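# Understanding the architecture of this molecule
Spelled out, the chains give:
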Amino acid sequence: MSFDNVRGRSTAGRPRPPQVSGTPSVVGRLGPRPDGSIPFSVEFNPPRDSAAEARLWRAAREFERMHPAFVSMTYGAGGSTRDRTARVTGELAQETTLLTVAHLTAVAHSVAELRSIVGVYADAGIRNLLVLRGDPPGDPLGEWQRHPEGVEYAEELVRMVRDLGDFHVGVASFPQGHHRSPDLDHDTRYLCAKLRAGAEYSITQMFFDVDHYLRLRERVSACDPVQGDKPIIPELMPITSLRTVQRAEELSGRPVPPALMARLERAAGNDPEANRDAVREVGIEIATEIGQRLIAEGAPCLHFITLNFAKATTEVLTNLGYTVAPTPVEA
């Protein structure tokens, strides 16, 4: 038996993938936690090299001590990290106590390739998928082109996955509307169509104004009361530097609200590098405030973009009253 410093566990006796009937769903994990708090979840990104993979595993083990409802792994369709993404996602499912959700995007894939990817995840015991149409590689705002043998809309992908077997499916939702939707009414109808196709919940695009999230819930309920009963999980990310503001805006597709940006700039002063700690402190405060209001407004879960780091998200969760186990759990 040898100890794997990347995964943080012994390599001998790797557990077998769980049986389908024993695989819980995301929705099934959204009840109140034992301490009465609402669940939280975290999002990881595919590691591009061995050093990044080791960092991801350190973050995964840290979050494992806090018992998230689930963790998700994003997926860059057609990218060079495809094989590593599938492998690491499978290892998270098999070698930790974490309920692992794999992202699946339609961009640049034929239906045959999509079926094959789903099969790879199923072989690893993963039965929870977050289904997305996806953005064009290299230019998220560029023209979206359907693969000649692929699907056009996420709704089709939801149906395909559900037809393949016993899978739990989630989709994306957009508090301020998807940038390709002509208006919020169209965007809401597209979301309801994905939910009616078999999606059990949605995770929102990142936002910084809770009112946008609340209006999204209202729009879905007005469009289709049945689908409006399905959980809409809000996504947020702590800002830790002015440089991460740009990253946050790229991920959300929307600018940070001027009032929040002014708070960060005041903390930065004339020297953002020298005042990095002050900027970070304000970023943690903002994320905590957003989390507090979401909890007060009845959000079913808080989903954090982590960029494969645990510290900032853990600080926000601690501010919100979540606790860290004193010792790591055994995988």
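What counts, and where the lines are drawn
Residues numbered from 1 in each chain as written. Predicted model: local features only at pLDDT ≥ 70, side-chain atom pairs only at ≥ 80, totals over all residues. Heavy atoms only, no water. Core = buried A, V, L, I, M, F, W, Y, C linked by side-chain atoms within 4.5 Å. Buried < 20%, exposed > 50% of the residue type's maximum accessible area, 1.4 Å probe, protein only. Helix = DSSP H or I, 4+ residues; strand = E, 2+ residues; numbered from the N terminus. Contact = heavy atoms within 4.5 Å. pLDDT = per-residue confidence, 0-100. Axes fitted to C-alpha atoms, helices over the stretch in contact; angles between N-to-C directions. Parallel < 35°, antiparallel > 145°, perpendicular 65-115°, else oblique. Left-handed = near helix turned anticlockwise from the far one by under 90°. Expected span 1.5 Å × (residues − 1). Polar contact = N/O pair within 3.5 Å; in protein donor to acceptor, adjacent residues only side chain to side chain. Phe/Tyr/Trp six-rings, centres within 6.5 Å; stacked < 30°, edge-to-face > 60°. Lys NZ or Arg CZ within 6 Å of the ring centre and 35° of its normal.

## Observations regarding the nonpolar core
Counting 79 residues, the largest nonpolar core has Phe-40, Phe-44, Leu-129, Val-161, Leu-294 and Leu-302 as its most contacted members. The biggest single contributor to this core is helix H10 (residues 276–296), with seven residues. Filtering out sequence-adjacent residues up to four positions away, Phe-40 remains in contact with Arg-33, Phe-63, Met-66, His-67, Pro-68, Ala-69, Phe-70, Cys-301, Leu-302, Phe-304, Leu-317 and Tyr-322. Membership of the second largest hydrophobic core comes to 14 residues, among which are Leu-30, Leu-130, Ala-172 and Cys-301.

## Brief notes about the confidence of the model for the protein
On average, residues of the protein score 85 in pLDDT, and 84% of them reach the 70 mark or higher. Low pLDDT, under 50, characterises residues 1–21; the predicted model gives this stretch 35 contacts beyond four residues in sequence or across chains. In this model residues 327–331 is a low-confidence stretch, pLDDT under 50, and it forms twelve contacts with partners more than four residues away in sequence or in other chains.

## Quick look at the packing of H10 against helix H11 (residues 311–319)
The N-to-C vectors of H10 and H11 enclose an angle of 50°; their axes lie 9 Å apart at closest approach. When the axes of H10 and H11 are compared, the pair comes out oblique. When the axes of H10 and H11 are compared, the crossing they make is right-handed. Mapping the contact onto sequence places Arg-280, Ile-284, Ala-287 and Thr-288 in H10 and Lys-311, Ala-312, Glu-315, Val-316 and Asn-319 in H11.

## Side note on helix H5 (residues 184–196)
For H5, with 13 residues, the first-to-last C-alpha span of 18 Å sits near the 18 Å given by 1.5 Å per residue. All of the buried residues along H5 are Asp-187, Thr-188, Leu-191, Cys-192, Ala-193, Lys-194 and Leu-195. Structurally, H5 contributes buried residues whose contacts are with helix H4 (154–164), strand E7 (168–173), strand E8 (201–204), helix H6 (210–223) and helix H7 (225–228). Looking at where H5 begins, the residue whose side-chain oxygen comes 3.1 Å from the main-chain nitrogen of Asp-185 is Asp-183. Gly-198 lies just past H5 and shows a positive phi near 135°.

## Some thoughts on the packing of aromatic side chains
Enumeration according to the criterion identifies three aromatic pairs in this entry. Consider the rings of Phe-40 and Tyr-322, whose centres lie 5.6 Å apart with planes at 80°: the pair is edge-to-face. A residue pair is termed long-range when its members are at least 10 positions apart, and Phe-40 in strand E3 (residues 40–44) and Tyr-322 in the segment after H11 qualify at 282 residues. Among the residues examined, Phe-40 registers a relative accessible area of 0% and is labelled buried. A residue is classified by how much of its surface remains accessible, and Tyr-322, at 3% relative accessible area, is buried. Aromatic side chains Phe-207 and Tyr-213 sit 5.8 Å apart centroid to centroid with 10° between the ring planes, which places their arrangement in the stacked category. Residue placement shows Arg-127 over the ring face of Phe-167; its charged tip is 4.6 Å from the ring centre.

## Focus on unusual backbone geometry
The backbone of His-67 sits at a positive phi, close to 55°, despite the residue not being glycine. Topologically, His-67 is positioned in the loop between helix H1 (50–64) and strand E4 (70–73). A relative accessible area of 47% places His-67 in the partly exposed class. In this structure, Leu-307 is a non-glycine residue whose phi angle is positive, near 55°. Assignment of secondary structure puts Leu-307 in the loop between strand E11 (302–305) and H11. Judged by relative accessible area, Leu-307 falls into the partly exposed class, the value being 25%.

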